[in-house]
Amino acid sequence: MGALPGPRVLFIGGTGIISAAAVARAAALGCIVTVLNRGASSARPVPAGVEVLVADVRDRTAVAAALGTRTFDVVADFLTFVPDQARAAVELFRGRCGQYLFISSASAYQKPPARLPITESTPLRNPFWQYSRDKIACEEVFLTAYRDHGFPVTVIRPSSTYDHTRLPLLFAWTDVHRMRAGLPVVVHGDGTSLWTLTHAADFAVGFVGLFGLPVDGEAFTITSDDVLPWDAVYRAVAAAAGVPEPMLVHVASETIAAHAPEFGPGLLGDKSHSVIFDNSRIKALVPAFETRTRFAAGARDIMTWHVSHPEARVVNPEYMALSDRLAAL
């Protein structure tokens, strides 16, 4: 007798940093994978054998037409950000899936945190960042649907996640350019607050490991155990870029937000706070989940990819000028 077919899994999204890694993991484990997105991204092509349905997830008519009468064992939702989208998802998938995994955000946890480590029982409250408040509101929509109608949702809360394409620095490649040029590079705060960086491939092990488990109505933090002060994050990137001693200049997050309001919510609502997460719950259910990629190795992979992709090595003149202004304060 041949092997039984794997679960039928629909990824809403599927080409982002964490969703692409999860698609690859699911396909490698034998899941029958379908991705639904606009088909606009080529940065992370889907693996061979993965079905692609092209539709704008915000166009309910187009999505309904693309899905037809299909049902799925698992639906993984990476593209719901506001409550109206959550309500539409409940309406569309009620009775059509055995499990619905909603990607929320660890930034939804209480800021500033009253205690560390952060666990799934840490209160959800973020007065600084609308994105996080919207994710909290989405969680409530899904969990209300679970309580009222048995909608089979599980909430997933990842923190800062990266792959070989993403530089987790404030000004991205502009910061690397400044390091190499011997120019001051702005680090928010005093550089000692702790940050958790999770490689997307590690996240995918925990995430896909939940497929088919009886976890309806529950929430899981899935992050790395790789916790670094921000200065160490910048120094790891500098070392990968061939800069042994970057010139790091510390500027208060509130000051950066005052000069560049677009960075304020993410700084004041997330990055300026020390975050250490307790991953005991996901580890108990998915023993294969562990931190396999430390950021020092991840930074080298990021630099290798950027070397071969000149289009990604963008030096932003606005960030250059902003860095100069902030460093001179």
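Here the structure is shown first, and the text comes after it.
All residue numbers here refer to positions counted from 1 along the written sequence of the relevant chain. Selection of residues for local features in this predicted model requires a pLDDT of at least 70, selection of side-chain atom pairs for listing and counting requires 80 or more, and totals for whole chains, interfaces and linings are taken over all residues. Computation of side-chain values covers all heavy atoms of the structure but excludes hydrogens and water.

Brief notes about helix α2 (residues 60-67)
Identification of polar contacts relies on pairs of N or O atoms within 3.5 Å, with a donor-acceptor requirement for protein atoms, meaning one able to donate a hydrogen and the other able to accept it, and with residues adjacent in sequence counted only if both atoms are side-chain atoms. Working definition: helices are DSSP H or I runs of at least four residues, strands are E runs of at least two. Numbering for both runs from the N terminus. The N-cap of α2, judged by a side-chain oxygen 3.2 Å from the amide nitrogen of Thr61 a few residues on, is Asp59. Just beyond α2, the residue with positive phi is Gly68, at close to 60°.

Some points on the packing of helix α5 (residues 173-181) against helix α12 (residues 317-327)
Each axis is a line fitted through C-alpha atoms, and for a helix only the stretch in contact is used; angles between axes span 0 to 180 degrees, taken between their N-to-C directions. The contact between α5 and α12 brings their axes to 10 Å, and the two run at 60°. By the angle class used here, α5 and α12 are oblique. For the pair α5 and α12, the crossing hand works out as right-handed. Contact residues: Thr174, His177 and Arg178 in α5; Tyr319, Met320, Ser323 and Asp324 in α12. For classification purposes, an angle smaller than 35 degrees is called roughly parallel, one larger than 145 roughly antiparallel, one from 65 to 115 roughly perpendicular, and anything else oblique. A clockwise turn of the near helix away from the far one marks a right-handed crossing, whereas an anticlockwise turn of less than a right angle marks a left-handed crossing. By definition, residues are in contact when any of their heavy atoms lie within 4.5 Å.

Observations concerning the sheet that holds strand β11 (residues 219-222)
Pairing between strands is defined by DSSP: at least two bridges between the two strands are required. Taken in spatial order, the 7 strands of this open sheet run β3-β2-β1-β4-β5-β6-β11, and their pairing is parallel. In this open sheet, the two edge strands, each paired with only one partner strand, are β3 (51-54) and β11. Pairs of neighbouring strands in the sheet enclose a mean axial angle of 20°, with direction left out of account. Docked against the sheet, helix α3 (residues 83-93) engages β1 (8-12), β4 (72-77) and β5 (97-103), running at close to 165° with respect to β5.

A look at the pattern of salt bridges
Whenever a carboxyl oxygen of Asp or Glu lies within 4 Å of a side-chain nitrogen of Lys or Arg, that contact is scored as a salt bridge. For the structure shown, the criterion picks out 12 salt bridges. Glu139 is the salt-bridge partner of Arg157, the closest N and O atoms lying 2.8 Å from each other. Remark: Glu139 occurs in helix α4 (residues 130-149) and Arg157 occurs in strand β6 (residues 153-158); sequence separation between them is 18 residues. The rule is simple: take the accessible area with a 1.4 Å probe, protein chains only, and divide by the maximum for that residue type; under 20% is buried, over 50% is exposed, in between is partly exposed. For Arg157, a relative accessible area of 5% translates into the label buried. Among the residues examined, Glu139 registers a relative accessible area of 2% and is labelled buried. In this structure, the salt-bridge partner of Arg294 is Asp226, at a minimum N-O distance of 3.6 Å.

Overview of α12
When α12 is considered as a whole, its buried residues turn out to be Met320, Leu322, Ser323 and Leu326. Across the axial projection of α12, the buried residues extend over an arc of 170°, all falling on one side. Turned more than 90 degrees away from the buried face of α12, the exposed residues are Pro317 and Glu318. On its buried face, α12 is in contact with α5, β8 (185-188), β13 (248-251) and α8 (253-259). Where α12 starts, the residue carrying a side-chain oxygen 2.8 Å from the main-chain nitrogen of Glu318 turns out to be Asn316. It is the directions from the helix axis to the C-beta atoms that the arc portrays.

Focus on the packing of aromatic side chains
Aromatic pairing here means that ring centres of Phe, Tyr or Trp (its six-membered ring) are within 6.5 Å. Orientation follows from the plane angle: under 30 degrees is stacked, over 60 is edge-to-face, and everything else is tilted. Counting across every chain of the model gives 18 aromatic pairs. Judged by centre distance (6.4 Å) and plane angle (45°), the ring pair of Tyr109 and Phe277 falls under tilted. Residue Tyr109 is found in the loop between β5 and α4, and its partner Phe277 is found in the loop between α9 (264-271) and α10 (280-285); the two are separated by 168 residues along the sequence. According to the relative accessible area criterion, Tyr109 is buried, its value standing at 0%. Using a relative accessible area of 7% as the deciding quantity, one classes Phe277 as buried. Taking 5.1 Å as the distance between ring centres and 40° as the angle between the ring planes, the aromatic pair formed by Trp129 and Tyr131 counts as tilted. Clustering of aromatic rings is evident, with ring pairs tying together Phe11, Phe78, Phe203, Phe207 and Phe211. The criterion for a charge sitting over a ring is simple: Lys NZ or Arg CZ within 6 Å of the ring centre, and within 35 degrees of the ring normal. The lysine or arginine in question, Arg281, covers the ring of Phe220, its NZ or CZ lying 4.5 Å from the ring centre.

Quick notes on the environment of Asp190
Here Asp190 lies in the loop between β8 and β9 (194-196). Note: C-alpha distance between Asp190 and Val251 (61 residues apart in sequence) is 7.0 Å. Not counting chain neighbours up to four residues away, the residues in contact with Asp190 comprise Asp231 and His250. Within the structure, the side chain of Asp190 is placed 2.6 Å from the side chain of Thr192, a separation counted as a polar contact.

Brief notes about the layout of surface pockets
In this analysis the probe radius is 1.4 Å and the grid spacing 1 Å, with only protein atoms considered; a cavity is a set of points the probe fits into but cannot get out of, a pocket is an open set with protein on both sides within 12 Å along at least five of seven lines, and lining residues have an atom within 4 Å of a point. Grid points are joined across faces, edges and corners, and a volume is the space filled by probe spheres set on the points. Of the pockets and cavities examined, the largest pocket occupies roughly 1,100 Å³. Together, 50 residues line the largest pocket, and Gly16, Ile17, Ile18, Phe81 and Tyr131 are the ones closest to its centre. Of all the secondary-structure elements, those providing two or more residues to the lining of the largest pocket are α1 (17-28), α4, α7 (230-240) and α9. Element by element, the count of residues in the lining of the largest pocket is highest for α9, at 4 residues. Of the residues contributing to the lining of the largest pocket, the split by class is 25 nonpolar, 16 polar and 9 charged. Computed from the structure, the second largest pocket encloses a volume of approximately 300 Å³. Classification used: nonpolar for Ala, Val, Leu, Ile, Met, Phe, Trp, Tyr, Cys and Pro, charged for Asp, Glu, Lys and Arg, polar for all others including Gly.

Purely spatial values, then, with no claim about function.
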